[in-house]
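Residues per chain, in single letters:
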Amino acid sequence: MRFDTIIIGGGLSGLVCGLRLQKAGKKCAIVSAGQNAMHFFSGGFGLLSRLPDGKRVSRPLEAVAELPDNHPYSKIGKEKLAEYAEETVKLFGMCGIKVKGDAAENGFIISGSGSLKPAWLALDDPPSL
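First, a word on what this report is: a plain description of the structure on this page. Residue indices follow the written sequence of each chain, beginning from 1 at its first position. Local features in this predicted model are restricted to residues whose pLDDT is 70 or higher, and side-chain atom pairs enter the listing and the counts only when it is 80 or higher, whereas totals over whole chains, interfaces and linings include all residues. To obtain the side-chain values, all non-hydrogen atoms of the structure were included, while hydrogens and water were left out.

Things to note about the packing of aromatic side chains
No. 1: Think of it this way: a Phe, Tyr or Trp ring, Trp meaning its six-membered ring, pairs with another when their centres are within 6.5 Å, and the plane angle makes it stacked under 30 degrees, edge-to-face over 60, tilted otherwise. Overall, the coordinates contain one aromatic pair when judged by the stated rule.
No. 2: Their ring planes at 25° and their centres at 5.6 Å tell us that Phe 45 and Phe 92 sit as a pair that is stacked. Here Phe 92 lies in helix α4 (residues 78–94) and Phe 45 lies in strand β3 (residues 44–45), a separation of 47 residues in the sequence. For the pair Phe 45 and Phe 92, one class covers both residues: buried. A run of DSSP states H or I qualifies as a helix once it reaches four residues; a run of E qualifies as a strand once it reaches two. Both are numbered from the N-terminal end. Burial classes follow relative accessibility: with a 1.4 Å probe on protein chains only, a residue under 20% of its type's maximum area counts as buried, one over 50% as exposed, and anything between as partly exposed.

This is the structure we're talking about:
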């Protein structure tokens, strides 16, 4: 098979990149070695839950200003990060995946171990067993 792009990493960023490329008419392959954090996150997606000093973050977009200059989110900037988050929600919707949440504020989901995990986005109706 031939691909226009090969994406290394099957986390949220890799999946969204693949969706954007597919939407643009490109063929892509996503290569993921084993499991990633998404396999253990109970249907939720983290954006920024703690600062480098360990301080909890409840409002991820506002907390970007507190990150060091070399942090990827600082380099992207709050406005662009908000755009990407909004686009992620739209891309999931195009695929029929209903989600809830907003990058402006973390909510919480229950992890596989029963603890509360911060998440800016969660499946609207997680599948049941």
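This is not the end of the story, as more comes after the structure.
Considering the sheet that holds β3
No. 1: In short, DSSP must find at least two bridges between two strands for them to pair. Taken in spatial order, the three strands line up as β3-β7-β4 in an open sheet, and their pairing is antiparallel. Each edge of the sheet is formed by a strand with only one pairing partner; in this case those strands are β3 and β4 (99–101).
No. 2: The pairing of β4 with strand β7 (residues 121–123) spans three bridges and is antiparallel. If you follow Val 99 over to β7, its bridge partner there is Leu 123.
No. 3: In this analysis, two residues are considered to be in contact whenever any of their non-hydrogen atoms come within 4.5 Å of each other. To obtain an axis, a line is fitted to C-alpha atoms, over the contacting stretch when the element is a helix, and the angle between two such axes runs from 0 to 180 degrees between their N-to-C directions. Lying on the sheet, α4 is in contact with β3, β4 and β7; it crosses β7 at an angle near 15°.

Quick word on the pairing of strand β6 (residues 116–119)
No. 1: Where strand β5 (residues 107–110) lies against β6, four bridges are found, and the strand directions are antiparallel. By the bridge assignment, Gly 107 is partnered in β6 with Ala 119.
No. 2: Linking two consecutive strands that pair antiparallel, namely β5 and β6, is a turn of five residues; a positive phi of about 95° is found at Gly 114 within it.

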